[in-house]
Amino acid sequence: MIIALANAPFLDIVVRSLAVYFFMIIALRVFGKKELSQLNIADIILVLLISNAVQNAMVGSDTSLAGGLMAAGSLFLINMIFKRVMAQSTWIKKWVQDKPEILIHDGKVEYKTLAKLGISSEELDEAMREHGIEHHKDVKLAMFEIDGNISIISGDESLKQTRHKRKIHKTLGNIGS
């Protein structure tokens, strides 16, 4: 009984850490992969503030080294388990990761998809230029990948096929979209 009571604070930390982990999974799913493609200064501030905000939710009044290590260990463990579950469950994988989206197919720009994803024509043009492509008609396929990057395949065999690391430029208005 004494051992069970002594371990209760650590069990509380584990349960709180799991709750915060799953809250963050849901929050990131709601706000979308676009926000994770490349962090700007506002995104970094948001991550720092979120980590500070959820710290007390995870460890409560236990500010000891053991409490912090228990919370961190719980997060690593649940992350490892969650990744294994995701690898085996197509439903969970689809729910968390979403799917790639076609931005250009055989030179035709999918403007509805661009609007849905919040990608500007200028940003798509920048990705094309980074791939050495000047005109939309020269793009065989442009995809918005599950990791938030834009990959482009040209019809020109001499061009190197690369991936564009998506950036959110000079705007703070993209945080909640």
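See the structure printed just above.
Note that this is a predicted model, so its numbers are computed, not measured.

**Here we look at the overall build of the protein**
- Scanning the protein from terminus to terminus reveals six helices and five strands.
- Reading the secondary structure of the protein in the N-to-C direction produces α-α-α-α-β-β-α-α-β-β-β.
- The contacts in the protein between residues at least 6 apart in sequence include a share of 62% that link residues at least 24 apart.
- As displayed, the protein has an accessible area near 11,500 Å², and 66% of this comes from carbon and sulfur atoms.

**So, helix α3 (residues 65-88)**
- The end-to-end C-alpha distance of α3 is 35 Å, a good match for the 34 Å that 24 residues give at a rise of 1.5 Å each.
- Among the residues making up α3, those that are buried are Gly67, Ala71, Ser74, Ile78, Phe82 and Met86.

**Things to note about the packing of aromatic side chains**
- Applying the stated criterion across every chain, the model contains three aromatic pairs.
- Here Phe22 and Phe82 contribute two aromatic rings whose centre-to-centre distance is 5.8 Å and whose plane-to-plane angle is 80 degrees, an arrangement assigned as edge-to-face. Highlighted residues: Phe22 in helix α1 (residues 2-31) and Phe82 in helix α3, separated in sequence by 60 residues.
- Judged by relative accessible area, Phe22 falls into the partly exposed class, the value being 34%.
- Each member of the aromatic cluster is reached from another via a ring pair, and the members are Tyr21, Phe22 and Phe82.

**Overview of the nonpolar core**
- Counting 15 residues, the largest nonpolar core has Leu103, Ile104, Val139 and Ile152 as its most contacted members.
- When contributions to this core are tallied by element, the ones reaching two or more residues are β1 (101-105), α5 (111-117), α6 (121-130), β3 (139-144) and β4 (150-154).
- Beyond its immediate stretch of four places on either side in the chain, Leu103 contacts Lys108, Val109, Glu110, Thr113, Leu114, Leu117, Ile119, Leu124, Ala142, Met143, Phe144 and Ile150.

**Examining the side chain of Ser151**
- Residue placement: Ser151 occurs in strand β4.
- Residue Ser151 is classed as buried on the basis of its relative accessible area of 11%.
- Within the structure, Ser151 has its side chain in polar contact with the side chain of Glu145 (distance 2.3 Å).

**Some words on the pattern of salt bridges**
- According to the stated counting rule, one finds four salt bridges in the structure shown.
- We note a salt bridge from Asp12 to Arg16, for which the minimum N-O separation is 2.9 Å. In this pair, Asp12 and Arg16 both sit in helix α1, four residues apart, roughly one turn of the helix.
- Residue Asp12 is classed as partly exposed on the basis of its relative accessible area of 37%.
- Residue Arg16 is classed as partly exposed on the basis of its relative accessible area of 31%.
- The residue Lys137 makes a salt bridge to Asp138 at a minimum N-O spacing of 3.5 Å.
- Exposure remark for Lys137: the relative accessible area of 63% places this residue in the exposed category.
- On the basis of relative accessibility, which here comes to 33%, the residue Asp138 falls in the partly exposed class.

**Observations concerning unusual backbone geometry**
- For Asp106, which is not glycine, the phi dihedral falls at a positive 50 degrees.
- With respect to the element layout, Asp106 can be found in the loop between β1 and β2 (108-109).
- With a relative accessible area of 54%, Asp106 lands in the exposed category.

Reading the values: rules and limits
Residues numbered from 1 in each chain as written. Predicted model: local features only at pLDDT ≥ 70, side-chain atom pairs only at ≥ 80, totals over all residues. Heavy atoms only, no water. Helix = DSSP H or I, 4+ residues; strand = E, 2+ residues; numbered from the N terminus. Contact = heavy atoms within 4.5 Å. Areas by Shrake-Rupley, 256 points an atom, 1.4 Å probe, with all protein chains shown as cover. Expected span 1.5 Å × (residues − 1). Buried < 20%, exposed > 50% of the residue type's maximum accessible area, 1.4 Å probe, protein only. Phe/Tyr/Trp six-rings, centres within 6.5 Å; stacked < 30°, edge-to-face > 60°. Core = buried A, V, L, I, M, F, W, Y, C linked by side-chain atoms within 4.5 Å. Polar contact = N/O pair within 3.5 Å; in protein donor to acceptor, adjacent residues only side chain to side chain. Salt bridge = Lys/Arg side-chain N within 4 Å of Asp/Glu carboxyl O.

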